[in-house]
Amino acid sequence: MATTPQSGPIRPQPGPGRVLNITPESAGWDNVAFSVVELSPSAPWSGVEPERETAIVPLSGSGRVRAGDIDAAISRTSVFEELGRIVYLPPGTPYEITTEGSLTAAVGSAPAEGRYPARVFEPSEMRVEIRGGGQAYRQVVHSLAHPLPAEKLILYEVFVPRGTWSGWPPHCHDGRDGSPYLEEVYYFRLDRPEGYAMHRNWRAEENFDEAVVIRDGDAALVPKGYHTSVACPGSNMYFLNYLAGELIGDERRTPPCFDAEHTWIEADWGAGAWTLPVAGAVPSN
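Residues numbered from 1 in each chain as written. Predicted model: local features only at pLDDT ≥ 70, side-chain atom pairs only at ≥ 80, totals over all residues. Heavy atoms only, no water.

## Here we look at the state of the cysteines
For clarity, the cut-off: Put simply, a disulfide is two cysteine sulfurs that come within 2.5 Å. With a 1.4 Å probe rolled over the protein chains alone, any residue whose accessible area is under 20% of its type maximum counts as buried; one over 50% counts as exposed, and the rest are partly exposed.
As enumerated under the stated definition, the model contains 0 disulfides in all. C172 takes part in no disulfide bond, and the closest cysteine sulfur to it belongs to C257, at a distance of 4.5 Å. Judged by its relative accessible area of 17%, C257 is buried.

## Some points on a nonpolar patch on the surface
Stated precisely, the cut-off is as follows: The residues that make up patches have over 30% relative accessible area and no salt bridge, and they are joined within 9 Å when like-charged or within 5 Å when they are Val, Leu, Ile, Met, Phe, Trp or Tyr. Accessible areas in this description were obtained via Shrake-Rupley with a 1.4 Å probe; residue shielding takes into account the shown protein chains only. Each reported salt bridge corresponds to a side-chain nitrogen of Lys or Arg within 4 Å of a carboxyl oxygen of Asp or Glu. Think of it this way: any DSSP run of H or I at least four residues long counts as a helix, any run of E at least two long counts as a strand, and we number them from the N terminus.
Where nonpolar side chains cluster on the molecular surface, the patch consists of Y196, M198 and V213 and spans about 220 Å² of accessible area. Mapping M198 onto the fold places it in strand 15 (residues 197-203). Given the relative accessible area of 30%, M198 is considered partly exposed.

## Digging into the sheet that holds strand 15
Rules: When DSSP finds two or more bridges between two strands, those strands count as paired.
In spatial order, the strands read 16-15-18-13-20; together these 5 strands make up an open sheet with antiparallel pairing. Every other strand in the sheet has two partners, leaving strand 16 (208-214) and strand 20 (257-258) as the edge strands with one partner each. Sheet topology places strand 13 (residues 165-172) next to strand 20; 2 bridges connect them, and they run antiparallel. Note that in strand 20 the partner of H171 across the bridge is F258.

## Quick look at the side chain of R76
This is how it is decided: Should any heavy atoms of two residues lie within 4.5 Å, those residues are considered in contact.
In this fold, R76 is placed in strand 5 (residues 70-76). Taking the relative accessible area as the measure of exposure, R76 reaches 2% and is therefore buried. In contact with R76, other than residues within four places in its own chain, are V57, P58, L59, S60, G61, E82, L83, G84, E157, F159 and Y238.

## Quick notes on the side chain of E184
As a reminder, the rule being used: Neither His nor the chain ends is counted toward charge; the positive residues are Lys and Arg and the negative residues Asp and Glu. Residues adjacent in sequence count toward polar contacts only when both atoms are side-chain atoms; beyond that, a polar contact is any pair of N or O atoms within 3.5 Å, and within protein one must be able to donate a hydrogen and the other to accept it.
For E184, the location among the structural elements is in strand 14 (residues 182-190). Despite being buried, E184 has no salt bridge partner; R131 is the closest side chain of opposite charge, sitting 9.0 Å away. A distance of 2.8 Å separates a polar atom in the side chain of E184 from a polar atom in the side chain of H173. Among the polar contacts made by the side chain of E184, one reaches the side chain of N241 at a distance of 3.4 Å. The contact partners of E184, leaving out residues within four places of it in the chain, are W29, H173, A220, L221, V222, H227, N241, Y242 and L243.

## Things to note about the packing of aromatic side chains
What counts here: Aromatic contacts are taken between Phe, Tyr and Trp rings whose centres are within 6.5 Å, Trp giving its six-membered ring; a plane angle under 30 degrees counts as stacked, one over 60 as edge-to-face, and the others as tilted. Charge-over-ring contacts are defined here by two conditions on Lys NZ or Arg CZ: a distance within 6 Å of the ring centre and an angle within 35 degrees of the ring normal.
Enumeration according to the criterion identifies 10 aromatic pairs in this entry. Each ring, one from F34 and one from Y187, has its centre 5.9 Å from the other, and the planes form 40 degrees; the classification is tilted. Pair noted here: F34 is in strand 2 (residues 33-39) and Y187 is in strand 14, with a separation of 153 residues, a long-range link. Since its relative accessible area comes to 0%, F34 is described here as buried. Look at Y187 and you get buried, because its relative accessible area is 3%. Where Y186 meets F239, the ring centres are 4.8 Å apart and the plane angle is 40 degrees; that geometry is what we call tilted. Of this pair, Y186 sits in strand 14 while F239 sits in strand 19 (residues 237-245), and the two are 53 residues apart along the sequence. In terms of burial, Y186 and F239 fall into one category: buried. Chaining the aromatic ring pairs together yields one cluster made of F34, Y187 and Y242. Sitting over the ring of W202, R200 keeps its end group 4.0 Å from the ring centre. Against the face of F208 rests K224, its NZ or CZ located 4.9 Å from the ring centre.

## A few points about the environment of R215
Mapped onto the secondary structure, R215 falls in the loop between strand 16 and strand 17 (219-222). Taking C-alpha positions, R215 is 8.5 Å from P9, a pair spaced 206 residues apart along the chain. Residues within four places of R215 in sequence aside, it is in contact with R11, F188, L190, E194, G195 and Y196.

## Thoughts on unusual backbone geometry
Note the cis peptide between H146 and P147, where omega equals 15 degrees. Positionally, P147 belongs in the loop between strand 11 (138-144) and strand 12 (154-160). Cis rather than trans, the peptide bond between L276 and P277 has omega equal to 0 degrees. With a phi close to 55 degrees, D177 is a non-glycine residue in the positive phi region.

Okay, structure coming up:
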């Protein structure tokens, strides 16, 4: 379980190489590690995780992943324009990521025993759904979620129109309120450089409440409690989630717990919404 989690947004550093790095030690938890790496022809990236499964997600550019019997091209013009292939590797699999131009990729891992072989997940295998409504209308891609096989890792990619909330109603998965225990990293991209988003984590009975301002390329942790995010009115938002915890294999289908104070809106996403002017106000010309 989490001990002393890193707080606030985690900002990227200049590349090439690892521009974001979240470890279980820096996060104060047990499972999820997450990095963003920027590659060039003279700066490839390689690694091996002896006791951890790894998932590699292209974010922009093109390159190759070589690992055991896998020699896979990965590419993506932008996270806002298309989905990308995901390379999954079991523990103890050395890998190398190379590019002939440029490539930015996410590399994340979680403890595993090696139940599943290395493979490439195609975008056509990833379930896509539209969730919510009103000001909480978003697209959720089950990038590496059940029934796609992994031991602990769960990956989602979420597309949020500007001025819109995601994770609404708020939910938790910290082992409280009947939820499973899952650690989670949010990696954010915004489609305008001046844009920003807000991310909030809270658990009222522990007097825990944090809200962080997110810029393009930042990451945020969910150490515990309920959480939700919102994009400013001028920027569309994308985020990539890496989760892992107590759920293994098919157990990864287990849903989180939703905050009962806010689930009423699911019955009618437009209920109570104002049409301006209100309270007798008369707009001036």
